[in-house]
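Here's the letter readout for the chains.
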Amino acid sequence: MTLREMTAADLVAVAELEAQIFSMPWTMQGFADTLYRDDVLFLVACEEDKLLGYVGVYCAAGEGEITNVAVAQAARRRGIGRALLEALLRELAHRNISRVVLEVRVSNEPAIRLYGQYGFVVVGTRRNFYEKPVEDAYVMVREPIVPTGGPAPLSLQ
């Protein structure tokens with residue numbers, strides 16, 4: 001498995017995976033609009049040129065907001081989400097991002113457990129945050145970022 005920064009060549013596959021997983025998916029244009037912004041980072045996990053998953057974050061004022069975490073259904077339970085999250089957190093630490101925030105469906109217990117293993121804690125609930133189906137979201141925060149070990153940050157340009 002290879003982890004790397006998302007490129008324009010990934011847009012179709014990322015948008016297709018997004019549409020398979022989420023009830024209100026980002027469009028391909030939505031991903032394209034963020035691709036080259038300095039305050040946005042998307043990483044992808046690939047195997048033999050096949051997209052397995054991706055993660056994205058907006059960064060501002062020393063804070064990162066994770067917007068998307070997705071792993072293809074057929075690739076789940078292989079540690080891909082964990083690898084993407086670890087790589088993202090290492091890169092954020094490298095960029096001096098000291099606080100990371102995300103929202104997660106209250107019913108998404110596997111994701112909540114994963115985030116908890118990386119120091120995220122529930123700090124609040126956003127009522128009716130999600131649509132299709134309507135559901136609350138937990139707001140989870142991780143601070144400060146401490147490198148998780150492993151290899152050095154990705155060589156992202």
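Q: Account for the overall build of the protein chain, with residues named and values stated.
A: Of the regular secondary structure elements, the protein chain holds four helices and seven strands. Its C-alpha atoms give the protein chain a radius of gyration of 15 Å, near enough to 15 Å, the size a compact globule of 157 residues would have. Within the span of the protein chain, comprising 157 residues, buried residues form 42% of the whole. Residue pairs in contact within the protein chain that sit at least 24 positions apart in sequence constitute 62% of those at least 6 positions apart. A distance of 6 Å separates the average location of the 16 positive side-chain charges in the protein chain from that of its 20 negative side-chain charges.

Q: Explain the pairing of strand β3 (residues 50-60) to me, using residue names and the numbers behind them.
A: Across the 11 residues that make up β3, a large majority, eight, are buried. Sheet topology note: the strand β2 (residues 40-47)/β3 ladder contains eight bridges and is antiparallel. Bridge assignment links glutamate 47 to a residue of β3, and that residue is lysine 50. Between the antiparallel neighbours β2 and β3 lie two residues, among them glutamate 48 with a positive phi of about 50°. Two strands pair when backbone bridges link them, and β3 and strand β4 (residues 63-71) are joined in this way by eight bridges, in the antiparallel orientation. In the strand pairing of β4, tyrosine 58 is matched with glutamate 65. Taking the residues between adjacent antiparallel strands as the criterion, β3 and β4 are bridged by two residues, where alanine 61 takes a positive phi near 50°.

Q: Account for the nonpolar core, naming residues and giving values.
A: Counting 42 residues, the largest nonpolar core has Met6, Tyr54, Ile66, Leu88, Tyr115 and Phe120 as the members making the most contacts within it. Looking at this core, the elements with two or more residues in it are α1 (11-21), α2 (28-35), β2, β3, β4, α3 (80-94), β5 (99-105) and α4 (109-117). The residues touching leucine 88, leaving out its near neighbours within four places in the chain, are Leu41, Leu43, Val55, Val57 and Ile66.

Q: A description of unusual backbone geometry should follow, citing residues and the corresponding values.
A: Cis peptide bonds are those with omega within 30 degrees of zero, and the linkage from lysine 132 to proline 133 qualifies with 0°. With phi around 50°, glutamate 48 is a residue other than glycine that occupies positive phi space. With respect to the helices and strands, the residue glutamate 48 is situated in the loop between β2 and β3. Phi at asparagine 96 takes a positive value of approximately 60°, unusual for a residue other than glycine. Judged by its relative accessible area of 65%, asparagine 96 is exposed.

Analysis parameters
Residues numbered from 1 in each chain as written. Predicted model: local features only at pLDDT ≥ 70, side-chain atom pairs only at ≥ 80, totals over all residues. Heavy atoms only, no water. Helix = DSSP H or I, 4+ residues; strand = E, 2+ residues; numbered from the N terminus. Rg over C-alpha atoms; globule rule 2.2 N^0.38 Å. Buried < 20%, exposed > 50% of the residue type's maximum accessible area, 1.4 Å probe, protein only. Contact = heavy atoms within 4.5 Å. Lys, Arg positive; Asp, Glu negative; His and termini not counted. Charge placed at Lys NZ, Arg CZ, Asp CG, Glu CD. Pairing = 2+ DSSP bridges. Core = buried A, V, L, I, M, F, W, Y, C linked by side-chain atoms within 4.5 Å.

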